[in-house]
Amino acid sequence: MAGAGERSTIDFGSPDAVRVLNRALLRVYFDLDVHLPSDSLCPTVASRLNYLEWIRDNVVAELPPDRRLAGIDIGTGASCIYPLLGVRAMPQCTFVGTDINSDSIAAARANVCRNSLEEKIGLFFNVDRSIKLPLDVPGFPLPPTDADGASFAFCMCNPPFYRDESERRQLARMKALPPGLDTRGKDDELYTAGGEEEFLAGLVDESAVLGKRIRWYTTMTGKKATLAALAARVRAAQAKRIREGRLVQGKTTRWVLAWSFFEQTRFCLALRHRSPAEAMRRACGSPMRAGGENVDPAVEASEEARREDRH
Ligand SMILES: C[S@@+](CC[C@H](N)C(=O)[O-])C[C@H]1O[C@@H](n2cnc3c(N)ncnc32)[C@H](O)[C@@H]1O
């Protein structure tokens, strides 16, 4: 207990305390009953919401608002945190969560059922860990394609963090983390051969093959250096559009990279600086009503190209 004048807090060095806090936040603010197994990564709600909101504002917002959208969460983990929070942050979305760990898939499935979200969240146990986007593996739940041939509006990924235990220790030392505050979880959650760099290089290569079957490919990275290497690989894969984001929560920073093999649509050109309703009118070619300035699509396209062309 805190004494008079002292600030109450919880013991962030205690995994149990952090677990209870996150369960409470999910319950109170998102009406989600989520079991977070003690042997698995305990996701912080703010950081997960941050990435989802980035996708909502930078990817989903440029699609017509009446459209039903599907997203893939690569490596959903035992919590299934992104799909669960995702259907709250973007009610027009359905999700497919994948994972290579059968215990995580079982726990994720129980969380989906506990919240009666089976209609909105599907799960896929990916037996081949060399694949990140198993769209063509038998049994993968593919939604119907849209008018442009895309099955999914986006994919997202919080990749395993380290190449091995020595990288984990090294990064913890660099951040000067006190014992107890370093990341804990299952080996599959923490480690991947070659680290996040190699994992995400594989994702870019798969995206080059799948092309327009997913409208926007996105991933989070834990290291800024990974972002630059990844952006170069995405350029080499001839993506048409690239976007970068930085997610800051407290003392922690993460980076997001998004890329697409679609050219900019009339809808997203019109959306710049306007409400979705105005964008719909413009994309459909009807004249603007009072208050709307005219848009020269060529100018907006070059502005956008300059903005995205920073790599
Ligand atoms: C850092 S954890 C992220 C878990 C959860 N999404 C979160 O943010 O708390 C990475 C996850 O990726 C999974 N994973 C690793 N390789 C994978 C692959 N090829 N396909 C799907 N999932 C994979 C791991 O089992 C683990 O659950």
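Everything quoted here is computed from the prediction, not taken from an experiment. (Residues numbered from 1 in each chain as written. Predicted model: local features only at pLDDT ≥ 70, side-chain atom pairs only at ≥ 80, totals over all residues. Heavy atoms only, no water.)

Caption draft 1: Representation of the UniProt feature "binding site: S-adenosyl-L-methionine" (unreviewed entry) in the protein in the model. This chain's UniProt record puts "binding site: S-adenosyl-L-methionine" (unreviewed entry) on Arg 48, Gly 75, Asp 99 and Asn 158. Taken from the residues named earlier, the lining of the second largest pocket is made up of Arg 48, Gly 75, Asp 99 and Asn 158. Within the secondary structure, Gly 75 is located in the loop between strand S1 (69-74) and helix H3 (81-89). Every residue in contact with Gly 75, bar those within four places of it in the chain, is listed here: Thr 98 and Asp 99. Within the secondary structure, Asp 99 sits in strand S2 (residues 93-99). The exposure class of Asp 99 is buried, given its relative accessible area of 10%. With residues up to four places along the chain from it excluded, the contact list for Asp 99 reads Gly 75, Thr 76, Gly 77, Ser 104, Ile 105, Phe 124, Phe 125 and Asn 126. (UniProt positions renumbered as here; feature names shortened; annotations may be inferred. 1 Å grid on protein atoms, 1.4 Å probe; cavity = no way out; pocket = protein on both sides within 12 Å on 5 of 7 lines; lining within 4 Å. Helix = DSSP H or I, 4+ residues; strand = E, 2+ residues; numbered from the N terminus. Contact = heavy atoms within 4.5 Å. Buried < 20%, exposed > 50% of the residue type's maximum accessible area, 1.4 Å probe, protein only.)

Caption draft 2: Examining unusual backbone geometry more closely. Backbone geometry places Asp 31, a non-glycine residue, at a positive phi of 50°. Following the sequence through the fold, Asp 31 ends up in the loop between helix H1 (15-30) and helix H2 (45-58). Of note in the backbone geometry, Ser 116 takes a positive phi value of approximately 50° without being a glycine. Here Ser 116 lies in the loop between helix H4 (102-114) and strand S3 (121-125). Ser 116 sits in the exposed class, given a relative accessible area of 59%.

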